[in-house]
Amino acid sequence: LFFFFFKQKTAYEIYQCDWSSDVCSSDLWDYFQDLPRVARCLPGAELTQVVDEQTYEGRVRFRVGPVSAQFQGTVVVERMDPAARTAEMVARGDQQGAPGRAEARLTFSLQPVGEARTEVHYRAQVTIAGALARVGGGVFQTVAKQLMHKFAACVQIELQEDLSDSAGARNA
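Residues numbered from 1 in each chain as written. Predicted model: local features only at pLDDT ≥ 70, side-chain atom pairs only at ≥ 80, totals over all residues. Heavy atoms only, no water.

Visitor: Quick rundown of the overall build of the chain? Include the residues and the values.
Guide: Assigned secondary structure in the chain consists of 4 helices and 7 strands. Traced from its N-terminal end to its C-terminal end, the chain shows the element sequence α-β-α-α-β-β-β-β-β-β-α. Residue burial in the chain is summarised as follows: out of 172 residues, 33% are buried. Contacts spanning at least 24 positions in sequence make up 55% of the contacts within the chain whose residues lie at least 6 apart. (Helix = DSSP H or I, 4+ residues; strand = E, 2+ residues; numbered from the N terminus. Buried < 20%, exposed > 50% of the residue type's maximum accessible area, 1.4 Å probe, protein only. Contact = heavy atoms within 4.5 Å.)

Okay, here's the thing in C-alpha cells:
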C-alpha cells in the first residue's frame, strides 16, 4: 500500500502569475532578497532555519480540495541575477504524516514600468508524489491562484508600509 501511494506521481505547472506593484523595481528586488521576510507573506509557510545564504529550511501547510497537507523541506536559491532582476529557486519537501514528496521549481522576474511601478512575473513547476497527486491539476490551479493573490496582496501591504515609514522618518 505504501508503494502504491508513493508511486502516484504527477507534474503540474501550478501557476503562472503576473501582477503589478506600485513600487519601483529596485525596492521590490531588495524585498525579494530577504527570504525570511518573503516567507511571512506566503500563506501557510514557515521558515524554520537559515542554513546559509542560499539554503533555507521550513514547512508549508495547505489544503487542496478535501485533502490538507504539510510538507517539511528545503528551499535552495539556485540563481539570483540582480542586473536582470530574475531569480530561480527549488523547494523540496517530504509530506508529514503521510507518504509523499513535492518539488517546486520557482522562477520570478521583475520588469520596471516607469519609475514607480513594477510587473512581477512568477512561474512554478511542481512535481508531487504520493496520495496528494491523485487530487487533480484543476484543484491545484485554483489553490495556487488563491495563494498567489494572497501573497501579492501581503507583499503590497508590507512595501507600502515601508514607504510610509520612510516618508514619515524623512518628515520627522
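On we go.
Visitor: Just give me the short version of the state of the cysteines, but keep the residues and values in it.
Guide: On inspection of all chains with the given rule, the structure shows 1 disulfide. In this model Cys-41 forms its disulfide with Cys-154; the gap between the sulfur atoms is 2.1 Å. Taking the sign of the S-S torsion, -70° for the link of Cys-41 and Cys-154, the bridge is left-handed. Highlighted residues: Cys-41 in helix H3 (residues 35-41) and Cys-154 in helix H4 (residues 137-171), separated in sequence by 113 residues. (Disulfide = S-S within 2.5 Å.)

Visitor: Requested: an account of the packing of aromatic side chains, with residues and values cited.
Guide: Taken as a whole and assessed by the stated rule, the structure comprises 5 aromatic pairs. The interplanar angle of 45° and the centroid separation of 4.7 Å between the aromatic rings of Phe-32 and Phe-108 together place this pair among those described as tilted. With Phe-32 in helix H2 (residues 25-33) and Phe-108 in strand E6 (residues 100-112), this residue pair connects regions lying 76 residues apart in the sequence. Judged by relative accessible area, which is 9%, Phe-108 ranks as buried. Both rings, one in Phe-62 and one in Phe-71, keep their centres 5.9 Å apart while their planes meet at 5°; by these two values the pair is stacked. Exposure remark for Phe-62: the relative accessible area of 22% places this residue in the partly exposed category. (Phe/Tyr/Trp six-rings, centres within 6.5 Å; stacked < 30°, edge-to-face > 60°.)

Visitor: So, the pairing of strand E7 (residues 118-130): which residues are in play, and what are the values?
Guide: Sheet analysis places E6 next to E7, joined by 13 bridges and oriented antiparallel. Across the sheet, the residue bridging to Pro-112 is Thr-118, located in E7. Turn length for the E6-E7 hairpin, with the two strands adjacent in sequence and antiparallel, is 5 residues, and the turn residue Gly-114 shows positive phi of about 80°. (Pairing = 2+ DSSP bridges.)

Visitor: Describe the side chain of Thr-55, with residues and values.
Guide: Along the chain, the position of Thr-55 falls in strand E3 (residues 55-64). Judged by relative accessible area, Thr-55 falls into the buried class, the value being 17%. Apart from residues lying up to four places away in sequence, Thr-55 is in contact with Val-50, Val-75 and Val-76.

Visitor: Give a description of the pattern of salt bridges that names residues and reports values.
Guide: Close approach of charged atoms lets side chains of opposite charge pair. By the definition in use, this model includes 8 salt bridges. Close ionic contact of Arg-59 with Glu-46 constitutes a salt bridge, the shortest N to O distance being 3.0 Å. In this pair, Arg-59 is assigned in strand E3 and Glu-46 in strand E2 (residues 45-50), connecting sequence segments 13 residues apart. According to the relative accessible area criterion, Arg-59 is partly exposed, its value standing at 24%. A relative accessible area of 38% places Glu-46 in the partly exposed class. We note a salt bridge from Glu-88 to Arg-105, for which the minimum N-O separation is 2.6 Å. (Salt bridge = Lys/Arg side-chain N within 4 Å of Asp/Glu carboxyl O.)

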